[in-house]
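Observations on chain architecture
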Amino acid sequence: MEVAAAGVNFADSLLLAGTYQAKPAFPFGPGSEVAGTISAIGEGVADFSVGDRVVGLPGHSGFAEEALVPVVTLAKVPDALPLEIAAALPIAYCTSLLALEDKAHLQSGETLLVHGASGGVGLTAVELGKALGARVIACASSQEKLEVAKRYGADELLNSQTDDIRVRVKELTGGKGADVIYDPVGGEAFDVSLRCINFKGRILAIGFASGTIPQIPANILMVKTVDVLGLNFGGYVENQPNLIGKCLTDIVQWAVTGRVKPFVSETFSLDQCADAINHVVARKAKGKVIVVP
């Protein structure tokens, strides 16, 4: 593929540090989601042709002028959707859609609490949660970030630096707590989630952007009768790649029709890719960050 744009993810930093569950053989580069134009196809490829506009998952080394992408992770991109926007779709939107639908079985009318609600994956959870009919409580670390979440449909806004999250979530839910909690942050955010989850609620462990991996007291799970559900996007790519392809195709169509509106907040050039990754790691990003060769 001739790369037009590549999305930046927190996992890129983990991959480079050797602390991610996937450990590619050296040499490799960062960049796990790309959009562009097919320049060559392998033997037996029937559904795609040279010249097609596509978005997909190379696994790594996507921050480049050209990338090699498994056909099973590809989706075609209609002319109506800019490739720079398409590059923001695969990991963040598919992670959130799989988490909310396939894992947590979020129902219309339920209350969804989203930590890190203005970040790359958190904002998609806010947007998709509303699209699926949930009442969404957005939690972020500044008023500026919360305003972004509000624009994407959040019903209630909580500042993690100034609000007592457990108390406020209980107040907003009549003392019951949230039905589903989406947590890409970990650390204190996860700890407070255990204390503001509803009976038979579901906590989605998406990542640990805080740098702290929480330990879960089993007695709390038992007493509250709650589920903690882990989601490894790479596990889906490895074990259910056809589901990834379908999910990505659906998300592309949602973007074309306006059902979802990806927010690309910053664009970096290829020689600034280290800056782009550091920007995401420092939790400065609001929405999605992309690299454009």
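About the criteria used
- Along each chain, numbering runs from 1 in the same order as the chain's sequence is written.
- Local features in this predicted model are restricted to residues whose pLDDT is 70 or higher, and side-chain atom pairs enter the listing and the counts only when it is 80 or higher, whereas totals over whole chains, interfaces and linings include all residues.
- Note that the side-chain values use all heavy atoms of the structure and ignore hydrogens as well as water.
- Numbering of helices and strands runs from the N terminus, with a helix taken as a DSSP run of H or I at least four residues long and a strand as a DSSP run of E at least two residues long.
- Only C-alpha atoms enter the radius of gyration, while the globule expectation follows 2.2 Å times N to the 0.38, with N the number of residues.
- Each residue's exposure class comes from its accessible area (1.4 Å probe, protein chains only) as a fraction of the maximum for that residue type: buried when under 20%, exposed when over 50%, partly exposed otherwise.
- Note on definitions: a residue-residue contact is assigned when non-hydrogen atoms from the two residues lie within 4.5 Å.
- This count recognises Lys and Arg as positive and Asp and Glu as negative, with His and chain-terminal groups excluded.
- All charge positions are set by atom: Lys at NZ, Arg at CZ, Asp at CG, Glu at CD.
- Multiplying 1.5 Å by the residue count of a helix minus one yields the expected span of that helix.
- In this description, the arc belongs to the directions extending from the helix axis to the C-beta atoms.

1. Comments concerning the overall build of the chain
Looking only at helices and strands, the chain has 11 helices and 12 strands in total. Taken over the C-alpha trace, the chain has a radius of gyration of 19 Å; the compact-globule value for 293 residues is 19 Å, and the two agree within 12%. If one aligns the C-alpha atoms of the chain with their principal axes, the spans along those axes are about 55 × 35 × 35 Å. Within the chain, buried positions represent 51% of all 293 residues. Of the contacts made within the chain by residues no fewer than 6 positions apart, 66% connect residues no fewer than 24 positions apart. Of the charged side chains in the chain, 24 are positive and 31 negative, and the gap between their average positions amounts to 10 Å.

2. Examining helix H10 (residues 241–257)
With 17 residues, H10 extends 25 Å between its outermost C-alpha atoms, agreeing within 8% with the 24 Å of an ideal straight helix rising 1.5 Å per residue. All buried positions along H10 are accounted for by Ile244, Gly245, Cys247, Leu248, Ile251, Val252, Trp254 and Ala255. In this fold, the buried residues of H10 make contact with strand E3 (53–56), strand E4 (75–76), helix H3 (90–103), helix H4 (122–131) and helix H9 (233–239). Looking at the residues trailing H10, positive phi occurs at Gly258, about 90 degrees.

3. Here we look at helix H11 (residues 273–281)
For H11, the full list of buried residues reads Ala276, Ile277, His279 and Val280. Each buried residue of H11 lies within a common arc of 155 degrees when the element is viewed along its axis, so the set occupies one face. Looking at the buried side of H11, the elements it contacts are helix H1 (10–17), strand E11 (264–269) and strand E12 (288–292).

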